Amino acid sequence: NSTIGIIGGGQLGRMLAMAAARLGYECVVLEKGGCPTRDVCVEQIDAAYDDPAALAKLAERASVVTYEFENVPVGAMEELARHVPVYPPAKALSFSQDRLVEKRFINEHGIATAPFVPADSDEEIADALARFGGRGVLKTRRMGYDGKGQRVFDGKTEAKVDGVFSAMGTVPLILEGFIDFSCEISIIAARSLDGSVAFYDPARNEHSDGILRRSTVPSQISDTVSAQAREAARRILNALDYVGVLGIEFFVTKDQELLVNEIAPRVHNSGHWTEAACAVSQFEQHIRAICGLPLGATSRHSDCVMENLIGDEIDDLPQLAQKPNAVLHHYGKRQARPGRKMGHVTYLKPLGSS
Ligand code: ATP
Ligand code: MG
Ligand code: MG
C-alpha cells in the first residue's frame, strides 16, 4: 500500500498531494465539502476531522497519515495513530495549538520568545500590559491564523482594555510584549524517520494586515543569526521526536537577538519558494520524511522572492506569466475573497547571474 492520507484540504494539502504523485504515491484527503486538494487526490472523505467513521476509513485506506492544518483535534490524532502511523507526531500538534503551551515549551528548551503572560480578564490584560510598558499584542491562545484573533496595543493611543476580554470572544488569551523587530525570518526544517535533519536557508518575511505578503531569500541576516535559527530548529525537532517538515517563525530584534514567534508542524507558506528555487521542495521533503525515504537536498539554485497572490490579485496571473523569471502557482480555488490566499509567484535570480 502506498497511499498517503492527508487531513485538511487547503492549498498546502494540494501541494503535498502533487509532490506525493511525483514520488509515486496516491493521496486520500479528509475534508468537508469542496476543497482545492481533492482534484489531485484519488479520493476525498467528506467529513469532519474528528469523525470516527471517517478516521477509521482513512486508517484503512492509507499506510501513513499527515495533516496540512494544525488545528486538527489532538485526541482524534492520538486515536488514529493506534491504527496507522501519523506524522508529524500528535505531540507536535498539542504544542502548536496553544500559544501559551507553545511558548513555555520553547523557553524550556532554552530558546527565547517574546515575553508573555496569560490574560483572562480585562484586569489581567491591564496588569499584563502595564508590565510590558503599555505595548503588547493580545492574541487568542488557540485557532488564530493570518493575524486573526489579535489586538495590538501600540502604546501611542491610550489603551482601552474595558470590554476587550469579551470583545475577543471570552476565550483564553495571551498577551505578548510588543517586539520592535528589525525583521522577521522563518526557517523550514525537516526530520526523517531515522532522525536525520535538514534545513532550508532562512527567508525574510514581510506581512501586511497579519497576512504573509512576501518571502525573500537570502534573508540578509548574519551567519551567526542564521546558525542560531538552525540550532533552535534542531532542538525543537529533536525534542518532539519529529517526523516531517516544520516551519518556525522568528523575530530578529534590533540587537540581533533571535526570538521564536511561533511554530507550525507542517509545510509553511514562507517555504513556498523552495518549490521554485530548490531541487527538492518542502512538499517533496515532507513526503520523503513521512514515507521513510531519505531527506533530499535543501540547497538553493537561485535567489528568489515569493509573493502571495491574495484575493483579486490572482487575476494578475496572465500578466505575471509574461515575466521570464516568474514561477507561477494557482491553488485552483473557485472563489476569490478578500484576504484569501489564491496562489503565489516566485521570482528567480539564478545564482551566478548578474
Ligand atoms: P500565521 O498566519 O503566521 O499563523 P498568526 O495569526 O498565528 O499568523 P502571528 O504569527 O502570531 O499570527 O502574528 C502575525 C504577525 O503579527 C507577525 O508575523 C508579526 O508581524 C506581528 N506580531 C505578532 N506578534 C508580535 C509581537 N509580539 N510583537 C510585534 N509584532 C508581532
Ligand atoms: Mg500562526
Ligand atoms: Mg505567524
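For the structure itself, consult the block above.
Residues numbered from 1 in each chain as written. Chains lettered and ligands numbered in written order. Predicted model: local features only at pLDDT ≥ 70, side-chain atom pairs only at ≥ 80, totals over all residues.

S.K.: Looking at this model, I keep getting lost on the sheet that holds strand S6 (residues 136–140). Mind explaining?
M.R.: Think of a sheet as strands paired side by side through backbone hydrogen bonds, with each pair either parallel or antiparallel. One open sheet accounts for four strands, arranged S5-S8-S6-S7; its pairing is antiparallel. Either end of the sheet is taken by a strand with one partner, and the two such strands are strand S5 (116–118) and strand S7 (150–153). On average, each strand axis in the sheet is inclined to that of its neighbour by 20°, with strand direction left out of account. As paired elements, S5 and strand S8 (residues 173–177) share three bridges and run antiparallel to each other. Note that in S8 the partner of Pro118 across the bridge is Ile174. (Pairing = 2+ DSSP bridges. Helix = DSSP H or I, 4+ residues; strand = E, 2+ residues; numbered from the N terminus. Axes fitted to C-alpha atoms, helices over the stretch in contact; angles between N-to-C directions.)

S.K.: Hey, could you run me through the sheet that holds strand S1 (residues 3–7) in this one?
M.R.: Sheet architecture is open: four strands sit in the order S3-S2-S1-S4, paired in parallel fashion. Every interior strand has two partners, whereas the edge strands, strand S3 (43–45) and strand S4 (64–67), have only one. When the angles between neighbouring strand axes are averaged without regard to direction, this sheet yields 25°. Relative to S3, strand S2 (residues 26–30) runs parallel, the two being bridged by three bridges. Looking across to S3, one finds that Val28 is bridged to Glu43. The sheet contacts of helix H1 (residues 11–22) involve S1 and S2, and relative to S1 the element is tilted by about 170°. (Contact = placed C-beta atoms within 7 Å.)

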